[in-house]
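Examination of the molecular architecture
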Amino acid sequence: MIPYGRQTISEDDIQAVAKVLRSDWLTQGPSVEQFEDAIAARCGATYAVAVSSGTAALHVAALATGLGPGRRLWTTPNTFVASANCALYCGASVDFVDVDARDGNISIAALTQKLEEAEANNQLPDVLIPVDFAGKPCDYHAINALKEKYGFVVIEDASHALGAEHQGNKIGCGRFADITVLSFHPVKIVTTGEGGMLLTNSAEFAERMRRFRTSGITRDGALAGKDAKGGWDYFQIDLGFNYRLSDIHAALGLSQLTRLNHFVEKRNDIADRYDRAFTDLPVRPMNRREGDLCAYHLYVIRVAAHRRKALYDHLHAMDIRAQVHYIPVHTQPYFENLGFQWGDFPEAENHYHEALSLPMYPAMTDGELDQVISEITQFDFSR
Ligand SMILES: *Cc1c(COP(=O)(O)O)cnc(C)c1O
């Protein structure tokens, strides 16, 4: 079976985890701190805060920006549901901005228009979550120009994009977003099993995110407006959560991180080979890099909508587990119950009808890649 994505675990990764199991710390401890420092250094961010998943990271980021009832968050429909759910966890409202057909990222034209309308109706968003779909950075130059004009906070969902570069800078460096969110789910660029990370250059956001990660607790009496009574003191000043990452997970991430460059190179090599193989086929590869470095979490093609299911079924019959990214979030039953419906975001829906994610992972062999390419080359697109 050839999956659409999978982890790459080395003997060093296994040893790193075993070492933690023999140590004094299992949950958040020295390995988490080392992992945070290593990610911050790699991405060029001032602060990194590790949490238990990408979903938890989005929740904590939204809380840190002050999102709550009466506030508004916008994201795109072409993403995993977590990018939208974080607004609802906070009691805020969520809305979507349609995508650009070329790369599946947020459409700057649609965003510009929606912001103009929202300003006229006094409904401007407090937070925008652009998603670097498949690992290709969004147009942050344009997004930040709009941010300057309208004053929203940018939380970048870079769950697909660890290791990507935009305009010569690393994703997560703090130039593109106020907070950048990473996920370490096994199919992502680097894994901890489950895990997530928040990157920011704001000391204030970092402090709040650390507190929301740990039940809203601080040891700093001054922050709570209380006098310290003893070494045992702690003060809960926010309604936080237990979103800690364990040292077991962090040790895996730290070991994986040493191979990040290799992972991204391998993913780009595979993308190059797919791109070349499809030049004369009715298959449109997305997320070409155009000067940026794409992390290629996914390799997404678009094919004629009426042949997409047949191609998917054919590949599955050959034990090649292609996937579809994404079912537009606004069409999920939960979001339909909130009043969204098919037709609301046509480009995201067109994308959904035509998209297929082909197998893409660093340990993919030449033989596996040849097999996928050969099945697609032989597939009858004309019917
Ligand atoms: C994977 C993913 C998430 C959620 O990450 P988890 O670690 O699985 O909670 C959020 N957004 C996007 C775009 C993702 O791909």
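To keep things clear, this report deals only with the structure shown in the data block. Along each chain, the written sequence defines residue order, and numbers are assigned to residues from 1. With pLDDT at 70 or above as the cut-off, local features in this predicted model cover only qualifying residues; side-chain atom pairs require 80 or more to be listed or tallied, and sums for whole chains, interfaces and linings still use all residues. Based on all heavy atoms of the structure, the side-chain values leave hydrogens and waters out of the count.

1. Description of the overall build of the protein chain
- Secondary structure elements are defined from DSSP: runs of H or I of at least 4 residues count as helices, runs of E of at least 2 residues count as strands, and each element is numbered from the N terminus. Counting its regular elements, the protein chain contains 14 helices and 14 strands.
- Values of the radius of gyration come from C-alpha atoms, whereas the globule rule sets the reference at 2.2 Å times the count of residues to the power 0.38. Taken against the 2.2 N^0.38 rule, which gives 21 Å for 383 residues, the C-alpha radius of gyration of the protein chain at 21 Å falls within 12% of a compact globule.
- Burial classes follow relative accessibility: with a 1.4 Å probe on protein chains only, a residue under 20% of its type's maximum area counts as buried, one over 50% as exposed, and anything between as partly exposed. Residues classed as buried in the protein chain amount to 54% of the 383 residues present.
- By the convention used here, residues are in contact when the closest approach between their heavy atoms is within 4.5 Å. Here the analysis covers contacts within the protein chain between residues at least 6 apart in sequence; of these, 72% occur between residues at least 24 apart.
- Computing the positive centroid from 36 side-chain charges and the negative centroid from 49, the protein chain places the two 2 Å apart. For the charge count, each Lys or Arg is scored as positive and each Asp or Glu as negative, with His and the chain ends excluded. For charged residues, the charge sits on one atom: NZ in Lys, CZ in Arg, CG in Asp, CD in Glu.

2. Points about the site of the ligand
- Taken together, 15 residues lie near the ligand, and Gly54, Thr55, Asp157, His160 and Lys188 sit nearest.
- Whenever a nitrogen or oxygen atom comes within 3.5 Å of another N or O atom, the pair is scored as a polar contact, on the condition that within protein one atom can donate a hydrogen and the other can accept it, and that pairs from neighbouring residues in sequence are kept only if both atoms are in side chains. Between Asp157 and the ligand, the recorded distance is 2.7 Å, taken from a side-chain N or O atom to a nitrogen atom.
- For the ligand, an oxygen atom lies 2.8 Å from a polar atom in the side chain of Ser183.
- A class-by-class count of the residues in the shell around the ligand yields four nonpolar, nine polar and two charged. We call a residue near a molecule or strand whenever a single non-hydrogen atom of that residue lies within 4 Å of it. Ten residues, namely Ala, Val, Leu, Ile, Met, Phe, Trp, Tyr, Cys and Pro, are considered nonpolar, four, namely Asp, Glu, Lys and Arg, are considered charged, and the remaining ones, Gly among them, are considered polar.

3. Overview of the nonpolar core
- In plain words, nonpolar cores are sets of buried Ala, Val, Leu, Ile, Met, Phe, Trp, Tyr and Cys residues tied together by side-chain atoms within 4.5 Å. In terms of nonpolar packing, the biggest core is built from 43 residues, with Ile39, Leu111, Leu162 and Met197 touching the most fellow members.
- Among the secondary structure elements, those contributing two or more residues to this core are α2 (30-43), β1 (47-51), α5 (108-120), α6 (140-150), β9 (196-200), α9 (247-257) and α10 (260-277).
- If you look at the next biggest cluster of nonpolar residues, it comprises 37 residues, including Leu58, Leu63, Ala64 and Tyr243.

4. Things to note about the sheet that holds strand β14 (residues 355-358)
- Strand pairing follows a simple DSSP-based rule, namely that at least 2 bridges must link the two strands. Here three strands make up an open sheet; going across it, the order is β12-β13-β14 and the pairing antiparallel. The two strands at the open ends of the sheet, each matched to only one other strand, are β12 (284-285) and β14.
- Where β12 lies against strand β13 (residues 299-302), two bridges are found, and the strand directions are antiparallel. Across the sheet, Pro285 pairs through a bridge with Ile301, a residue of β13.

5. Remarks on the packing of helix α3 (residues 54-64) against helix α4 (residues 82-89)
- The contact between α3 and α4 brings their axes to 9 Å, and the two run at 45 degrees. On the basis of the axis angle, α3 is oblique to α4. Seen from above, α3 lies across α4 with right-handed handedness. Residues Thr55, Leu58, His59 and Ala62 of α3 form the contact with α4, whose own contacting residues are Ala82, Ser83, Cys86 and Tyr89.
- For the contact of α3 with α4, the residue count by class is five nonpolar, three polar and no charged. For helices, the axis comes from a line fit to the C-alpha atoms of the stretch in contact; other axes are also lines fit to C-alpha atoms, and the angle between any two N-to-C directions lies between 0 and 180 degrees. By the definition adopted for this analysis, an angle is roughly parallel if under 35 degrees, roughly antiparallel if over 145, roughly perpendicular if from 65 to 115, and oblique otherwise. Each crossing gets its handedness from the near helix: less than a right angle anticlockwise from the far helix is left-handed, clockwise is right-handed.

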